[in-house]
Amino acid sequence: MREQKGSPLGFYMLGICALFLASFLLLVVLGAGVYRRTTGSQNQNNQTRALLSYLATVVRANDMSGGIHVREGAAPDGQLLLIAEDGSGYGSRIYPYGEYLLEDYGEVEGEFDPEHALKIGKIQQFEIDWDKDQNSLWITANDNHLLLHLRSEGGVSE
């Protein structure tokens, strides 16, 4: 009887298909990782931009002489406090508390209530610098900067 010998061509085709499938799966896994990092970075950027836009809106809405106050160590955690008021004795008190930036609307000199305050967004860094010469605020939040030129005379009171 005659023995049939198999052709090595079948093994080569099977090997090429396995290599193609492994390469495809590796490409899908790497693409998913890149997509996850890109969308995570985009979400963080959007949150920081929304936070800075909110701060700009609050400051511009109260841009009048004596309407903006910056106080070092006056917040509940002993951190920076930004107060935007309209002269009525009530205003928005913005301060970092825990991992969030909060807005607590109430009497300017009243007690803080961080448990019921509005959470503006997550924050790791919150700084405000006041340039008297140019009448501008430099707000830094999460390593992003916002420069606001105030229209009112008198600028920021401390």
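First things first, this report covers the structure right here in the doc. The model shown is predicted, which means the values in this text are computed figures rather than measured ones.

1. Comments concerning the overall build of the protein chain
So, step 1. The helix and strand inventory of the protein chain stands at one helix and nine strands.
So, step 2. Order of helices (α) and strands (β) in the protein chain, N terminus to C terminus: α-β-β-β-β-β-β-β-β-β.
So, step 3. Radius of gyration (C-alpha) of the protein chain: 29 Å, far over the 15 Å computed for a compact globule of 158 residues.
So, step 4. For the protein chain, the spread of C-alpha atoms along the principal axes amounts to about 110 × 35 × 20 Å.
So, step 5. Relative to its full complement of 158 residues, the protein chain shows a buried share of 34%.
So, step 6. A fraction of 32% describes how many contacts in the protein chain between residues 6 or more apart in sequence connect residues 24 or more apart.
So, step 7. Approximately 10,800 Å² of the protein chain is accessible, and the part contributed by carbon and sulfur atoms is 55%.
So, step 8. With 12 positive and 21 negative side-chain charges, the protein chain shows a spacing of 20 Å between the two charge centroids.

2. Details of a nonpolar patch on the surface
So, step 1. A cluster of nonpolar side chains, Leu21, Phe24, Leu25 and Val28, forms an exposed patch at the surface whose accessible area comes to about 380 Å².
So, step 2. You can see leucine 21 is positioned in helix α1 (residues 9–61).

Conventions and cut-offs
Residues numbered from 1 in each chain as written. Predicted model: local features only at pLDDT ≥ 70, side-chain atom pairs only at ≥ 80, totals over all residues. Heavy atoms only, no water. Helix = DSSP H or I, 4+ residues; strand = E, 2+ residues; numbered from the N terminus. Rg over C-alpha atoms; globule rule 2.2 N^0.38 Å. Buried < 20%, exposed > 50% of the residue type's maximum accessible area, 1.4 Å probe, protein only. Contact = heavy atoms within 4.5 Å. Areas by Shrake-Rupley, 256 points an atom, 1.4 Å probe, with all protein chains shown as cover. Lys, Arg positive; Asp, Glu negative; His and termini not counted. Charge placed at Lys NZ, Arg CZ, Asp CG, Glu CD. Patch = residues over 30% accessible without salt bridge, like charges linked within 9 Å, V, L, I, M, F, W, Y side chains within 5 Å. Salt bridge = Lys/Arg side-chain N within 4 Å of Asp/Glu carboxyl O.

Bear in mind that shape data such as this cannot, by itself, settle questions of function.
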